[in-house]
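One-letter residues, chain by chain:
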Amino acid sequence: MNNLGTAVVTGASSGIGAATARHLSANGFHVVLGARRIDRLHPIAEEIGGTALPLDVTDPSSVTAFARAVPECRLLVNNAGGARGLEPVAEASDDHWRWMWETNVLGTLRVTRALLPALTASGEGHVVTVTSIAATEIYDNGAGYTSAKHAQSVLHRTLRGEHLGEALRFTEILPGMVETEFSLTRFAGDESRAAGVYQGLTPLTADDVADTIVFAATRPAHVNIDQIVLKPRAQASATRAHRE
Ligand code: NAP
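Criteria and cut-off values
Residues numbered from 1 in each chain as written. Predicted model: local features only at pLDDT ≥ 70, side-chain atom pairs only at ≥ 80, totals over all residues. Heavy atoms only, no water. Helix = DSSP H or I, 4+ residues; strand = E, 2+ residues; numbered from the N terminus. Rg over C-alpha atoms; globule rule 2.2 N^0.38 Å. Contact = heavy atoms within 4.5 Å. Areas by Shrake-Rupley, 256 points an atom, 1.4 Å probe, with all protein chains shown as cover. Lys, Arg positive; Asp, Glu negative; His and termini not counted. Charge placed at Lys NZ, Arg CZ, Asp CG, Glu CD. Buried < 20%, exposed > 50% of the residue type's maximum accessible area, 1.4 Å probe, protein only. Right-handed = clockwise from strand over helix to strand, strands pointing away. Pairing = 2+ DSSP bridges. Salt bridge = Lys/Arg side-chain N within 4 Å of Asp/Glu carboxyl O. Near = heavy atom within 4 Å. Polar contact = N/O pair within 3.5 Å; in protein donor to acceptor, adjacent residues only side chain to side chain. Nonpolar A, V, L, I, M, F, W, Y, C, P; charged D, E, K, R; others polar. Axes fitted to C-alpha atoms, helices over the stretch in contact; angles between N-to-C directions. Parallel < 35°, antiparallel > 145°, perpendicular 65-115°, else oblique. Left-handed = near helix turned anticlockwise from the far one by under 90°. Expected span 1.5 Å × (residues − 1). Core = buried A, V, L, I, M, F, W, Y, C linked by side-chain atoms within 4.5 Å.

Asks: Tell me about the overall build of the protein, and name the residues and values.
Replies: The secondary structure content of the protein amounts to 8 helices and 9 strands. Against the globule reference of 18 Å for 244 residues, the protein gives a C-alpha radius of gyration of 17 Å, in line with a compact fold. By principal-axis analysis of the C-alpha atoms, the protein measures approximately 45 × 40 × 35 Å. Pairs at least 24 residues apart make up 67% of the contacts formed inside the protein by residues separated by at least 6 positions. On the protein, roughly 11300 Å² of surface is accessible, and the fraction owed to carbon and sulfur atoms is 52%. Each charge class in the protein can be summarised by its mean position, and for the 21 positive and 26 negative side chains these summaries are 3 Å apart.

Pasting the structure below:
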């Protein structure tokens, strides 16, 4: 049932990206999955009849090679990203900041710029970018991530105006807490610290987020869902949650 064209999902090797690849395929897209851990991509691609390609969004030559291997693209889901560390600005790690800005901001820039010609040529292109509630809120010790997500959001929303009048849609997805490998990456593999983030509440699942992406992507071509903010019921903001 691959009649909706090709969808590219970056960061499809785990979490939201892997779930989005599965949901888009189930709804009629041929999915191209990109990430660094190609061994993780292959079984997902096989399961959904998609295509797995190596992609490091921080490496311009990797992005160029990836885009060359994707001649057709109707939907791009900029999902690759994440956080590293949770420290006050006074103790900020340059390496953490550089990783977050390279992956979330410049990664989104590189992949979007490389695929815009194919998206435009499809006659019905759509760019979905997964930012975060960290794109609209700030919190202590989180400036590296919140600043990167703010910048990624600004980049994404700017495209909406720059391509007004063209057959291109732009949707920003802003999730709150989602249980994925996100916190493991943020806390350098510390499993108990990562589990603590979701303790005492029911977080969103990657499938919950994938579902909203499919919703936005399957509206009629004249409908642009600009933003979707979704959080667990128990989370009121980035800093306020109810835990049992
Ligand atoms: P995740 O399970 O850690 O997934 C992150 C994905 O990004 C992985 O597939 C990873 O693949 C990919 N990635 C990281 N660096 C990359 C690079 N240089 N090149 C290509 N791919 C790269 O976490 P997730 O929660 O699903 O995160 C997905 C997106 O949602 C991120 O942008 C994150 O900021 C955002 N988000 C997450 C939450 C949350 O609470 N989980 C909330 C709001 C927003 P490889 O390591 O294989 O390359």
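Asks: Could you give me a rundown of the pairing of strand S5 (residues 125-130), with the residues and numbers involved?
Replies: Extensive coverage of S5 is indicated by the burial of 6 of its 6 residues. Residues Gly125, Val127 and Thr129 point to one face of S5 and His126, Val128 and Val130 to the other, with burial holding for every one of them. Read as a crossover between parallel neighbours, the route from strand S4 (residues 75-78) over helix H4 (residues 94-121) to S5 is right-handed. As paired elements, S5 and strand S6 (residues 168-175) share 6 bridges and run parallel to each other. What sits directly across from Val128, in S6, is Thr171.

Asks: Run through the pattern of salt bridges, naming residues and quoting values.
Replies: For the structure shown, the criterion picks out 8 salt bridges. Note that Arg74 is salt-bridged to Glu124, the shortest N-O span being 3.2 Å. In this pair, Arg74 sits in the loop between helix H3 (60-68) and S4 while Glu124 sits in the loop between H4 and S5, placing the two residues 50 residues apart along the sequence. Within this structure, Arg37, Arg40 and Glu181 form a network of salt bridges that share partners.

Asks: Give me the site of the ligand: which residues, what numbers.
Replies: Around the ligand, the structure places 32 residues, and the nearest of them are Ser13, Arg36, Arg37, Tyr145 and Thr180. Contact distances for the ligand include 2.7 Å between an oxygen atom and a side-chain N or O atom of Arg36. At a separation of 2.9 Å, a nitrogen atom of the ligand approaches a polar side-chain atom of Asp56. Those elements that place two or more of their residues in the shell around the ligand are helix H1 (15-26), H4, helix H5 (143-162) and helix H6 (182-186). Residues of the shell around the ligand, tallied by class, amount to 12 nonpolar, 15 polar and 5 charged.

Asks: Explain the packing of H4 against H5 residue by residue, including any values.
Replies: Relative to each other, H4 and H5 sit at 15°, their axes nearing to 7 Å. It follows that H4 is roughly parallel to H5 by the angle criterion. Where H4 crosses over H5, the handedness of that crossing is right-handed. Residues Trp97, Met100, Trp101, Asn104, Val105, Thr108, Leu109, Thr112 and Leu116 of H4 lie in contact with H5, whose contacting residues are Ala143, Gly144, Tyr145, Ser147, Ala148, Lys149, Ala151, Gln152, Leu155 and Leu159.

Asks: Go over H5 with me, naming the residues and quoting the values.
Replies: End to end, H5 covers 28 Å across 20 residues, agreeing with the expected 28 Å (1.5 Å per residue, within 8%). Close packing links the buried residues of H5 with H4, S5, S6 and H6.

Asks: Describe in detail the sheet that holds strand S7 (residues 227-230), supporting the description with residues and values.
Replies: If you walk across this open sheet you meet the 7 strands as S3-S2-S1-S4-S5-S6-S7, and the pairing is parallel. Two strands close off the open sheet at either side, each with one partner strand: strand S3 (51-54) and S7. Here the average twist between neighbouring strands, direction ignored, is 15°. Alignment of strand S2 (residues 30-35) against S3, held across 4 bridges, turns out to be parallel. By the bridge assignment for S3, Leu33 is matched with Ala52. Relative to the sheet, H1 contacts strand S1 (6-10), S2 and S4, its axis offset from that of S1 by approximately 170°.

Asks: Which residues make up the nonpolar core, and what values do they have?
Replies: Soluble, globular proteins show a tendency: their nonpolar side chains are buried together. Membership of the largest hydrophobic core comes to 34 residues, with the highest contact counts inside it found for Leu24, Val31, Leu33, Leu75, Val77 and Ile213. Elements that contribute at least two residues to this core include exactly S1, H1, S2, helix H2 (38-48), S4, S5, helix H8 (206-217) and S7. Setting aside anything within four residues of it in sequence, one finds Val77 in contact with Val8, Val9, Thr10, Thr20, Leu24, Val128, Val130 and Ile213. If you look at the next biggest cluster of nonpolar residues, it comprises 21 residues, including Leu53, Cys73, Leu115 and Leu119.

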